[in-house]
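# Coordinates in review
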Amino acid sequence: MVLLENDSFLTELTRLFQKCRTTGSVYITLKKYDGRTKPVPRKGNPETFEPVDNKCLIRATDGKKKISTVVSTKEVIKFQMAYSNLLRAHIDGLKKKDKKSKSKKTKATQ
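Before going into details, it helps to say that this report is about the structure given with it.

Thresholds, definitions, all that
Residues numbered from 1 in each chain as written. Predicted model: local features only at pLDDT ≥ 70, side-chain atom pairs only at ≥ 80, totals over all residues. Heavy atoms only, no water. Helix = DSSP H or I, 4+ residues; strand = E, 2+ residues; numbered from the N terminus. Contact = heavy atoms within 4.5 Å. Polar contact = N/O pair within 3.5 Å; in protein donor to acceptor, adjacent residues only side chain to side chain. Expected span 1.5 Å × (residues − 1). Buried < 20%, exposed > 50% of the residue type's maximum accessible area, 1.4 Å probe, protein only. Arc of directions from axis to C-beta. Phe/Tyr/Trp six-rings, centres within 6.5 Å; stacked < 30°, edge-to-face > 60°.

### Concerning the environment of Thr61
With respect to the secondary-structure elements, Thr61 resides in strand S3 (residues 55-61). Separated by 34 residues in sequence, Thr61 and Tyr27 have C-alpha atoms that sit 5.3 Å apart. Residues contacting Thr61, with those up to four places away along its chain left out, are Ser25, Val26, Tyr27 and Lys66. At 3.0 Å, the side chain of Thr61 forms a polar contact with the backbone nitrogen of Gly63.

### Details of helix H2 (residues 76-90)
Helix length check: H2 (15 residues) gives 21 Å between terminal C-alpha atoms against 21 Å at 1.5 Å per residue, within 8%. For H2, the complete set of buried residues consists of Phe79, Tyr83, Leu86 and His90. Each buried residue of H2 lies within a common arc of 60° when the element is viewed along its axis, so the set occupies one face. Exposed and oriented more than 90 degrees from the buried face of H2 are Ile77, Met81 and Arg88. Buried-residue contacts for H2 involve helix H1 (6-19), strand S2 (27-33), S3 and strand S4 (66-72).

### Some details on the packing of aromatic side chains
Taken as a whole, this structure holds two aromatic pairs when the rule is applied. Between Phe9 and Phe79, the aromatic rings sit 6.3 Å apart at their centres with planes inclined by 40°, giving tilted as the arrangement. Pair noted here: Phe9 is in helix H1 and Phe79 is in helix H2, with a separation of 70 residues, a long-range link. For Phe79, a relative accessible area of 6% puts it in the buried group. Here Phe79 and Tyr83 contribute two aromatic rings whose centre-to-centre distance is 5.9 Å and whose plane-to-plane angle is 10°, an arrangement assigned as stacked. Of this pair, Phe79 and Tyr83 both sit in helix H2, separated by four residues, roughly a single helical turn. Assessed through its relative accessible area of 13%, Tyr83 is described here as buried. Grouped by ring-pair contacts, the aromatic residues Phe9, Phe79 and Tyr83 constitute a single cluster.

The following block contains the structure:
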């Protein structure tokens, strides 16, 4: 997995969306990140680790290529605006859900 800066993450995410536009999917996960690089020990003395500030780990993958970034609290608003614009531009490939009229359902049940 490649840890990128916020701006380069958004450009790589745009490339992932364009590559998977006709076939394929892009999976995005968000997770609270406290800066730990080692897992918490189960037994014994757990190390006292105080995170400096809250961060968010964002990962994206298309099944083959994985990218990630860490967004700090200071950069959240800027990143969120750019991220939402990117999603609006590339989310039009979703399939429409078939809606069945309620009148047909009620007639069938009677």
